[in-house]
Amino acid sequence: MHFTRHTSKSSIIAPNQESMTNNIVKAVLAILCVIVGYLCYDSIASTLRMQNQIAYVEGKIIQRLTEIKEAQFAYKDAYGVFAPSFDSLEYGLKNGRIVELKQVGELTEANQTVVIDTMFVTIADKLKDKITNFDSLRFVPCSDKVEFKIGSGTVNRNGVTLQVFEVIDPKPVNKKRALKVGSLSDAIYTGNWEKQEN
């Protein structure tokens, strides 16, 4: 009695074919790993580029706000109040005059007398080494002519009236904070970035 054993050809994979299949799978996995790795790297690199760009722009804005603060205090020295607008501030910088004290002579053994000379100088002359461009103070750096929001007023503290001002970036590049200097609700003249750094 003879038995015939039938084997399905489809269930038999030649060794060479199996090796080729494994190689294809490995190649596909390797390509996928490269793609995923690149996407991860690109995501991290994009985030770092964005952070660096924000830091650069904010650095420029902080510098400009610091200049505006210098201008505001010089304006107050000349007029007794802070400027309520950039038109007023620019006019005051170009036309306002403040007192400058100048020492004449030096104390020596032979000369025991020093004369303090009082003279008036324009605000622009006083601040020429601290402000790079008076005409661009109102504009937010690295923006398409966006102007800072400016205001001034008074607050009462323990029966004393204090002059205050505030300048704020209306369209911050960093969505987590809008850079500003001063305050209209309190006698605070520092920038909000200084508080965060301390």
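Structure shown above.
Here the structure is a predicted model, which is why all the values come from computation and not from measurement. (Residues numbered from 1 in each chain as written. Predicted model: local features only at pLDDT ≥ 70, side-chain atom pairs only at ≥ 80, totals over all residues. Heavy atoms only, no water.)

### Structural notes on the overall build of the protein chain
Let me state the cut-off plainly: Every helix listed is a DSSP run of H or I at least four residues long, and every strand listed is a run of E at least two residues long, numbered separately from the N terminus. Only protein chains enter the accessibility calculation, which uses a 1.4 Å probe; a residue is then buried when its area is under 20% of its type maximum, exposed when over 50%, and partly exposed in between. Residue burial considers only the protein chains on display, and all accessible areas are found by Shrake-Rupley using a 1.4 Å probe.
Secondary structure assignment for the protein chain yields four helices and five strands. Of the regular secondary structure in the protein chain, the N- to C-terminal order runs α-α-β-β-α-β-β-β-α. Across the 198 residues in the protein chain, those meeting the buried criterion constitute 28%. When the accessible area of the protein chain is evaluated, it comes to approximately 14100 Å², of which 55% is carbon and sulfur surface.

### A word on the nonpolar core
In plain terms, the rule: By nonpolar core is meant a set of buried Ala, Val, Leu, Ile, Met, Phe, Trp, Tyr and Cys residues that side-chain atoms within 4.5 Å join together. Whether two residues are in contact is decided by their heavy atoms, any of which lying within 4.5 Å being enough.
Of all hydrophobic cores here, the largest spans 30 residues; its most connected members are Leu65, Ile68, Leu89, Leu93, Leu127, Phe148 and Val167. At the level of secondary structure, the elements contributing two or more residues to this core comprise helix 1 (15-79), helix 2 (86-95), helix 3 (123-127) and strand 4 (160-168). With eight residues, helix 1 is the single largest residue contributor to this core. For Leu127, the residues in contact, after removing those within four places along its chain, are Glu70, Ala71, Ala74, Leu93 and Phe134.

### Thoughts on empty space enclosed by the protein
Here is the rule: Every definition here rests on a 1 Å grid over the protein atoms only: cavities are sets of points where a 1.4 Å probe fits but cannot get out, pockets are open sets enclosed by protein on both sides within 12 Å along at least five of seven lines, and lining residues have some atom within 4 Å of a point. Grid points are joined across faces, edges and corners, and a volume is the space filled by probe spheres set on the points. Three classes are used: nonpolar for Ala, Val, Leu, Ile, Met, Phe, Trp, Tyr, Cys and Pro, charged for Asp, Glu, Lys and Arg, and polar for all others, with Gly counted as polar.
Scanning the entire structure with this criterion turns up one cavity of 30 Å³ or more. Every residue lining the largest cavity is listed: Glu58, Ile61, Asp169, Pro172, Val173, Asn174, Arg177 and Leu179. In the lining of the largest cavity, the residues fall into four nonpolar, one polar and three charged.

### A closer look at helix 2
Which entries qualify depends on this criterion: This arc is taken over the directions from the axis of the helix to the C-beta atoms.
By the burial criterion, the buried members of helix 2 are Phe86, Leu89, Glu90, Gly92 and Leu93. On an axial view of helix 2, the arc spanned by its buried residues comes to 160°, and they lie on one face. Away from the buried face of helix 2 by more than 90 degrees, exposed residues Asp87 and Tyr91 are located.

### A closer look at the pattern of salt bridges
Formally: Criterion for a salt bridge: a side-chain nitrogen of Lys or Arg within 4 Å of a carboxyl oxygen of Asp or Glu.
Applying the stated criterion to the full structure yields nine salt bridges. Residue Lys130 is joined to Glu70 by a salt bridge in which the shortest nitrogen-to-oxygen separation is 3.7 Å. With Lys130 in the loop between helix 3 and strand 3 (149-157) and Glu70 in helix 1, the pair connects residues that are 60 residues apart, well separated along the chain. Residues joined by salt bridges that share partners form a network here, namely Asp87, Glu90, Arg138 and Glu147.

### Remarks on the pairing of strand 4
Residues in a regular strand project their side chains so that they alternate between the two faces of the sheet. The following threshold applies: In short, DSSP must find at least two bridges between two strands for them to pair.
Two elements, strand 3 and strand 4, share nine bridges in a ladder whose sense is antiparallel. Bridge pairing in strand 4 links Asn156 to Thr161. The turn joining strand 3 and strand 4, which pair antiparallel and follow one another in sequence, is formed by two residues; a positive phi near 55° is taken by Asn158.

### As for the environment of Ile54
Here Ile54 lies in helix 1. Its relative accessible area of 18% is what places Ile54 among the buried residues. Between the alpha carbons of Ile54 and Lys175 there is a distance of 10.0 Å; along the sequence they are 121 residues apart. What Ile54 contacts, discounting residues up to four positions off in sequence, is Val173 and Asn174.

### Some remarks on unusual backbone geometry
Although it is not a glycine, Cys142 sits at a positive phi angle of roughly 60°. The phi torsion at Asn158 lies on the positive side, around 55°, for a residue other than glycine. Tracing the sequence through the fold places Asn158 in the loop between strand 3 and strand 4. Take Asn158: its relative accessible area is 82%, and that puts it in the exposed class.

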